[in-house]
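Structural description and commentary
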Amino acid sequence: MHFKRACALWLTLVASCAGRIASPETLRSTETSFAQWSGSLSFEARLPTSSGLSQQGELRPVRLARLQVLSPQGEVVTESTTDKHGTFQIRAPVDASTLRILAMVVHDRYDLRVTTDRTGEEVHTIDVPLGSPEKMIAIEIRDPMPMAGALHILDTLLRGSEQVRSWSGEVLAPLFVYWQRGETTTWSYYHGECPPESGRYCIELLGGSDGELERSDTDEHDEFIILHELGHFVFDLLSTSSSHGGTHPAGHLLDPGLCWEEGRATWFATAVLGSSRYRDTVGVEGHGRLRVDHNIEDASKVGSALGSEPVVSEVLWDLSDGGVHLPDEDGDPLAVGPQRLFQAMMLQRRVEGAYPTIHSFLRFLIDREFVSEDELQRMISVGAHPPDLLSSSHENLWPRSLSVPGRVSGKIDGVSDPAPSGGPNRPQNGLDAMMVYRFQWNATGRILLRLRTFGSGSAADRQDLDLELRDIRSDLLAASRSQAPVEAVSAVLEPGWYLVYVRDGGSGNRAGFELELRRSRLTAHAP
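To keep things clear, this report deals only with the structure shown in the data block. Every chain is numbered independently, its residues counted from 1 as its sequence is written. Confidence filtering applies because this is a predicted model: local features only for residues at pLDDT of at least 70, side-chain atom pairs given and counted only at 80 or more, and all residues used for totals across whole chains, interfaces and linings. Note that the side-chain values use all heavy atoms of the structure and ignore hydrogens as well as water.

Glancing now at the side chain of Arg-66. Secondary structure elements follow DSSP: runs of H or I no shorter than four residues count as helices, runs of E no shorter than two count as strands, and numbering proceeds from the N terminus. Structurally, Arg-66 can be placed in strand E6 (residues 66–70). By relative accessible area, which is 17% here, Arg-66 ends up buried. Three labels apply to residues, based on accessible area from a 1.4 Å probe with only protein chains included: buried if under 20% of the type maximum, exposed if over 50%, partly exposed otherwise in between.

Spelled out as structure tokens, the structure:
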């Protein structure tokens, strides 16, 4: 059926006498009679094709979703949950008139919601008439009305969360996804804890351009994208966090921490879905296209192991494929499996100062005897991965070590094109446009960071460099972003591991620098 339909067709209620209840259960209290309703819920999901989302969807059960029954006055009189097959039985006052379906799973320690607002308070809902309790009701929620999309997002979140629980035994913290048709037209994002210290986390998904759903980019039916963003949430909670953020366009060599986080989020999506074909659709067949159509079994053409997002996802797939759940197309000799690989990522969080890249993760696998170095070398060769993946030359390239006190020098280049490391330059977060240093702070006290640029520090001269202090999970603690030849940061730190970023200050700058780190003579309580 065509994507544009009469609104009357988006929701189908089927009353089936075959499911007739012999007699509705009626129980009398002092004033109220009760009855029991039975039925099933399903939603329409669209699948990716070679030219966008499919015209024809498929019906799937609405699993573990919250239900409410409303009185004729609109009051909630009882609540229930669908089972894993999308069926339900609800006992409510006999005069109950409305069944409300919520895009929310609060069941078996899961807390997942799809909301219409960025605060996570207003859950997508739809109201349908209950009808007679004597008849089974089958409710089909059809696309393109928003509730079908919200339920598809919810079911995909549940699928990913169930997989994490299977792999690790962990149940994730509460999560909501903000998604609205006609809202969020740039990209999908993982926002982290919203608001801070709330214990609740947020993803924002593309909703497309209002009135242009056949041609614009929406993500409610893109399971790979939903699970990619969920992957960021999962690794944030259960593993390390090596990315300061930002976009990550194809064909660039980027900040290796960003590549690690983006690449393994892609791996997570493919591992959950059991498919190496990662697709991101734009629009619907007849008008649509694919923004991304990449088989991560295909070897990346990028020659460097550091800075390539495709290398990360491809290597992780080759490490985990070949078992029962993930097909192996290239015959590589390793089959660690997604569960053990996921557990290794969780285990790496226990390593002091861990701030991994694909290289340091592979060294971790070898050190903890998940794989041998010979096995990895054979996999790298068969999979046509960059031969320098295990090279010792990467050991202190990212992040570099910084002693306390310490002084280092280097060069930032967000101007040269192609960039010195290869590929087009990328001032925002390219491999050559930033340097990252890691240091250990042993006692509470004030830190002083001083960045001296060998030049004017002016953007007009393309010599503007910025200075950032971050914790070991990439959260920004302090920054200096002027257009002066000297940038300085001072902060009181507790014992732990920290990061210093020296980076291009704008849209393309190139300059040498000297970075100094030392303790302040002032006490920790000094202003």
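In this model, Asp-143 is joined to Pro-144 through a cis peptide bond whose omega is 15°. Within the secondary structure, Pro-144 sits in the loop between strand E13 (136–141) and helix H1 (146–168). With an omega dihedral of -15°, the bond running from Trp-398 to Pro-399 counts as a cis peptide bond. Structurally, Pro-399 can be placed in the loop between helix H7 (373–382) and strand E19 (400–401). Unusually for a residue other than glycine, Asp-108 sits at a positive phi of about 50°. Take Asp-108: its relative accessible area is 46%, and that puts it in the partly exposed class.

The next point concerns the layout of surface pockets. Points on a 1 Å grid over protein atoms alone make up a cavity when a 1.4 Å probe fits among them but cannot get out, and a pocket when they form an open set with protein on both sides within 12 Å along at least five of seven lines; lining residues each have an atom within 4 Å of a point. Grid points are joined across faces, edges and corners, and a volume is the space filled by probe spheres set on the points. The computed volume of the largest pocket comes to approximately 1,400 Å³. His-228, His-232, His-248, Leu-258 and Glu-262 are the residues nearest the centre of the largest pocket, which is lined by 49 residues in total. Where the lining of the largest pocket is concerned, the elements lending two or more residues are strand E15 (189–193), helix H2 (223–238), helix H3 (256–273), strand E17 (277–282), strand E18 (289–295) and helix H4 (309–320). The element that contributes the greatest number of residues to the lining of the largest pocket is H2, accounting for six residues. Any residue outside Ala, Val, Leu, Ile, Met, Phe, Trp, Tyr, Cys, Pro, Asp, Glu, Lys and Arg is labelled polar, Gly included; the first ten of those are nonpolar and the last four are charged. Per-class residue counts for the lining of the largest pocket are 17 nonpolar, 20 polar and twelve charged.

Turning our attention to the packing of aromatic side chains. Ring geometry is summarised as follows: Phe, Tyr and Trp rings, the Trp one being its six-membered ring, pair when their centres sit within 6.5 Å, and such pairs are stacked at plane angles under 30 degrees, edge-to-face over 60 and tilted between the two. In the structure shown here, the tally under the stated rule is twelve aromatic pairs. Three or more aromatic residues joined by ring pairs form one cluster here, namely Trp-167, Phe-235, Trp-267, Phe-268 and Phe-342. Here, over-ring charges are defined by two tests on the NZ atom of lysine or the CZ atom of arginine: distance to the ring centre within 6 Å, and angle to the ring normal within 35 degrees. Sitting over the face of the ring of Phe-34, Arg-91 holds its NZ or CZ atom 4.6 Å from the ring centroid. The ring of Tyr-110 is capped by Arg-165, whose NZ or CZ atom sits 5.0 Å from the centre of that ring.

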